[in-house]
Amino acid sequence: MGLTRQYLRYEPAALFGLVASARAGVAFVALRGERGRYVAVPACEHVFVWDTRKGEKVLILKGLKQQVSCLCPSPDGLHLAVGYEDGAIRVFNLLSGESVITFNGHRAAVTALQYDHLGGRLVSGSKDTEVIVWDVINESGLYRLRGHKDVITQVLFLKEKNLLVTCSKDTLVKWWDLDTQHCFKTLVGHRAEVWGMALLSQEKRLITGSADSELRVWDLTYIQEVKDPDEPESKKSKASSLPATEENTEEDETLELDEHPEERIVKCSKVGSIMREGRDRVVTLGTDRMGKFLACHGTDAILEVFSVLSEEEIQKKLEKKMKKARKKAKQNSEEEPERSVELSLQEEIQRVTSVKASSKIKSFDLILSPKGELKMVLLLQNNVIELYNLDLSAQVPQAVRVSRITIGGHRSDVRTLAFSSDNIAILSAAAESVKIWNRSTLQCIRTMECEYALCSLFVPGDRQVILGTKTGKLQLYDLASGSLIETLDAHDGAVWSIALSPDQHGFVTGGADKCVKFWEFELVKDESSVQKRLSMKHVRVLQLDEDVLCVRYSPNQKLLAVSLLDCTVKVFYVDTLKFFLSLYGHKLPVLCMDICYDGTLIATGSADRNVKIWGLDFGDCHRSLFAHDDSVMYLQFVPKSHLFFTAGKDNKIKQWDADKFEHIQTLEGHHQEVWCLALSPNGDYVVSASHDKSLRLWERTREPLILEEEREMQREAEYEESVAKEEQPVVAGERQGETGLAGKKTIETIKAAERIMEAIELYREETVKLKEHNAICKAAGKEVPFPVNPILRAYGNITPSAYVLEVFKKVKSSELEESLLVLPFSYVPDLLRLFNEYIQQGSDVELLCRALLFLLKIHFGQITSNQMLVTVIENLKKTTISRVSEARDVLGFNMAGLQFLKREIEAKEEVTFFADATERFEEKKRKRKKKEKMVLAML
């Protein structure tokens, strides 16, 4: 075998130019003890935490490959749950920035996340139409709820009751009883998708947003259970479970409840609607954490804010109305008004203001500051975060924009990139501005307004830059002052391409007006100053029959390659402009091309998804490569080599060898079309720009890349991906119902099952060896040295059964059930015997009981029919019950001890703890306010 050619690997170095992705929501997070200052936003696969006061990035929660699709901070403010496009959920610790828990259960993007009020459970909804409830403390899935027929848009836990409300694009709102894990009620009052919902007025109201301008409001009545605890459940009077109205007789009510059995838990009735100003669908609907303010927005730039009156405020308003009614009645007929006074829905939920953002809103979050201000953070479509304050004490509350985070990125897609000759500065230009970045710090050092830029270059010396625009202009900027020096009308159509001449005295441009124009740099006298300034002089023009898409010089400046709209590339002599070669073979126009450093090869990338490599001596096509799954948008050779990079609309960047026609490496990271890339003059860095608004920097490492290994890794990745898409394992005899197991089969669960199998096999082997050893010792009449297994020695000479327990403890809590589900039954009898041994020792009782009960559930038939296991199960029954009751007693004792310590400390220091203190403080506040009002009334 001959020598394999070695390449150097390019690794992702940084992601920059992105303030926030508009895919998921924005959320206020508590950091360094402050609320309302820091916001978490999705940024492709990462989550950025921004300080809105300083406009700085303070924390990056690093993701893996998939894009972030959902965010939800925990009630204690210490954690942030992040949902991804592939259905994974990761919980991050905001203090360390590390991922602490990973949940795998959904088969598609996570679309909704919500914690319960204690932060112990997390519920997630997904594009796969399923809802999963997770136990955050035990780090495992509890159950999966099926019933919706389309994407889940919102999920909400109820504080008081163990209930869950979910809404979906299938127009339904479903109520789930989490004690029995079933859907007991479905609201069918919507004609179109339900895009959002919120609970108001201490969970006595539900408000839903749909595809129209109506916010529907529903009254919730929670049915009280029968008071008598001794009465058996079957004999509960159905009538007593509903508050009886005076008109209805008890028989009517019993009848009614028999017809609607779902109303035994909660009764839901529509009260009315609140009209929004927007005519389109609701995009986000939400409240602040106290439930005092409600806000929503559509597909436009306006956020509508509503104030929700508390019960006390409603009572006051009713009293006022009642007084007025009595006054009127006295004036009219001297009689007391008999009819009761009621508040309209519009009076209970009042419009406060509308906030107009600078662009389309994608999501928002609200927080009520202790000063009584309402803070609103808006995530906009154009890579901007805006923070508004609403002063509620004002007569007419007006939202004031406090801060705006924009400097870190462009408002629109970057269409051109360039590197300075010293490899330090990067130029990026979009439809509204051109920015200069420092490559090492990734800081934006200059931002200058421009027209819609399509191509760019650094002028030799790196002090000026030139942009070609969509309107046909050339714009020359000075970097030191950050000002536009000159604008020239270069072409009648868009300037599609610009190339610097190798002698660095000028450049060439190609445009949509079928012209190639040659320019030279010149120094002209500036009227405003004594010094001369740089300018551009038009020297020659080459007229062609078709629009010019791309132009490139050969390194010796003898040839000029021009790609045309007729799918060909024409090569001309630079000095005489005479025609030399025509390269034809592409089926669609050539969008990009480049000539290698020695002028022997030209590579062309086309919209037909192919890259062709041609010899520049005779115009012969060396090879045609199927490069991308969509148009090839950009192509550039690595300096001083025959390797080149291509960027495609399939989100990928690929490296190729033009001599061996080999695909070397794929740089995956962008989540949408890659528009352009640029290589640094030394070839160590690649920077790329995409439709996902991000710029990515890739760095050449010293690590050699071997093609065979690369292909092997690719095959492994494909296999791992296919495992997750396979049919999920099923439990024998179980039909798919409303509920199911929370987890899903992944490569990790298979590996965990394999590790358990290997450990049991080692245990079996060692047990046999030990028996043989004992027999040998008996025959020899003396102790013969026993060879210890190297694995057990590595674990500190532990016993084989202890090794199985070690392996078992290392299985992630969230993957335990799925790992046991793929474990073959032949290993189960050994496991049960080992469990008996461990539980007798009293080690890891909770974990083992969880695994034991799950194994009994899924292998019930086989275990009960196996005579060999009867004694094992009997022993397990005795040991398990005694050990579990012991563990429960220990917990009870500890709880009682903690309660006693709390009382002792309170008695000593005369302070109250935790929730009690805040409750008493609120009570004092209420009493003080009442006193003040009474004094005012007396005055």
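Refer to the structure presented above.
Quick caveat, the model's predicted, so the values are computed rather than measured. (Residues numbered from 1 in each chain as written. Predicted model: local features only at pLDDT ≥ 70, side-chain atom pairs only at ≥ 80, totals over all residues. Heavy atoms only, no water.)

A. Representation of the pattern of salt bridges. The full count for this structure, using the stated rule, is 38 salt bridges. The partner of R144 in a salt bridge is E130, and the shortest N-O contact between them spans 2.6 Å. A residue pair is termed long-range when its members are at least 10 positions apart, and R144 in strand β13 (residues 140-145) and E130 in the loop between β11 (121-126) and β12 (131-135) qualify at 14 residues. Look at R144 and you get buried, because its relative accessible area is 2%. Of the charged contacts in the structure, one is a salt bridge between R833 and D830, with a shortest N-O distance of 3.9 Å. Here D830 and R833 lie together in helix α9 (residues 828-841), a separation of 3 residues that amounts to about one turn. Taken together, the salt bridges that share partners define one network made up of E34, R37, D51 and R53. (Salt bridge = Lys/Arg side-chain N within 4 Å of Asp/Glu carboxyl O. Helix = DSSP H or I, 4+ residues; strand = E, 2+ residues; numbered from the N terminus. Buried < 20%, exposed > 50% of the residue type's maximum accessible area, 1.4 Å probe, protein only.)

B. Main features of the packing of α9 against helix α10 (residues 845-858). Contact pair α9 / α10: the axes reach a minimum separation of 11 Å and the direction vectors enclose 150 degrees. When the axis of α9 is compared with that of α10, the two are roughly antiparallel. Seen from above, α9 lies across α10 with left-handed handedness. For the pair α9 and α10, contact is made by V828, L831, L832, F835, Y838 and I839 and by L848, A851, L852 and L855, respectively. (Axes fitted to C-alpha atoms, helices over the stretch in contact; angles between N-to-C directions. Parallel < 35°, antiparallel > 145°, perpendicular 65-115°, else oblique. Left-handed = near helix turned anticlockwise from the far one by under 90°. Contact = heavy atoms within 4.5 Å.)

C. Layout of the sheet that holds strand β1 (residues 7-16). Ordered by their spatial adjacency, 4 strands build an open sheet running β1-β56-β55-β54, and the pairing between neighbours is antiparallel. Because the sheet does not close on itself, it has two edges, and the strands there are β1 and β54 (674-679). Mean inter-strand twist for the sheet, computed between neighbouring axes without regard to direction, equals 25 degrees. Here 5 bridges tie β54 to strand β55 (residues 685-690), and the two strands are oriented antiparallel to one another. (Pairing = 2+ DSSP bridges.)

D. The arrangement of the pairing of strand β47 (residues 601-606) in detail. Along β47, 6 of the 6 residues are buried, which leaves the element largely enclosed by surrounding structure. Of the two faces of β47, the one carrying L601, A603 and G605 and the one carrying I602, T604 and S606 are both buried. Across 5 bridges, strand β46 (residues 590-595) lies against β47 in antiparallel orientation. In the sheet register, M593 faces β47, and the bridge partner there is T604. What sits between β46 and β47 in their antiparallel hairpin is a turn of 5 residues, with G599 showing a positive phi close to 75 degrees. Inspection of the sheet shows β47 paired to strand β48 (residues 610-615) by 5 bridges, in the antiparallel sense.

E. Geometry of the sheet that holds β12. Across the sheet, which stays open at both edges, the 5 strands sit in the order β10-β11-β12-β13-β57 with antiparallel pairing between neighbours. Strand pairing shows two members of the sheet lacking a second neighbour, β10 (110-115) and β57 (739-740), which therefore form its edges. Pairing of β13 with β57 involves 2 bridges; the strand directions are antiparallel. Across the sheet, the residue bridging to L145 is T739, located in β57.

F. Inspection of helix α7 (residues 800-810) at higher detail. Within the span of α7, buried status applies to S801, Y803, V804, L805, V807 and F808. Buried residues along α7 sit in contact with α5 (747-780), α6 (790-794), α8 (816-821), α9 and α10.

G. Structural context of a negative patch on the surface. Together, E754, E758, E761 and E765 line one region of the surface with negative charge. Relative accessible area serves as the criterion here: at 47%, E765 is assigned to the partly exposed category. (Patch = residues over 30% accessible without salt bridge, like charges linked within 9 Å, V, L, I, M, F, W, Y side chains within 5 Å. Areas by Shrake-Rupley, 256 points an atom, 1.4 Å probe, with all protein chains shown as cover. Lys, Arg positive; Asp, Glu negative; His and termini not counted. Charge placed at Lys NZ, Arg CZ, Asp CG, Glu CD.)

H. The arrangement of a positive patch on the surface in detail. Taken together, the side chains of K292, K316, K317, K320, K323, K324, K925, R928, K929 and K933 define a basic patch exposed on the protein surface. Of all the elements in the fold, those that place two or more residues in the positive patch are α2 (311-333) and α13 (914-938). If you tally residues by element for the positive patch, the top one is α2, at 5 residues. Here K320 shows up in helix α2. Judged by relative accessible area, which is 63%, K320 ranks as exposed.

I. Geometry of a nonpolar patch on the surface. On the surface, a cluster of nonpolar side chains totalling about 500 Å² of accessible area is made up of M895, L898, F900, L901 and I905. Counting through the fold element by element, F900 comes out in helix α12 (residues 870-909).

J. Region of the structure containing unusual backbone geometry. If you check the backbone angles, Q202 has positive phi at about 50 degrees while not being a glycine. Within the secondary structure layout, Q202 lies in the loop between β18 (196-200) and β19 (205-209). With a relative accessible area of 62%, Q202 lands in the exposed category. In this structure, L442 is a non-glycine residue whose phi angle is positive, near 60 degrees. Mapped onto the elements, L442 comes out in the loop between β32 (433-438) and β33 (444-449). Judged by its relative accessible area of 23%, L442 is partly exposed.

K. Spotlight on α9. Compared with the 20 Å implied by 1.5 Å per residue over 14 residues, the 20 Å span of α9 between its first and last C-alpha is a close match. Within α9, 10 of the 14 residues are buried, leaving the element largely enclosed by the surrounding structure. Every buried residue of α9 is accounted for by V828, P829, D830, L831, L832, L834, F835, N836, Y838 and I839. In the core, the buried residues of α9 are packed alongside α5, α7, α8, α10, α11 (860-865) and α12. After α9 finishes, the residue G842 shows a positive phi value of roughly 80 degrees. (Expected span 1.5 Å × (residues − 1).)

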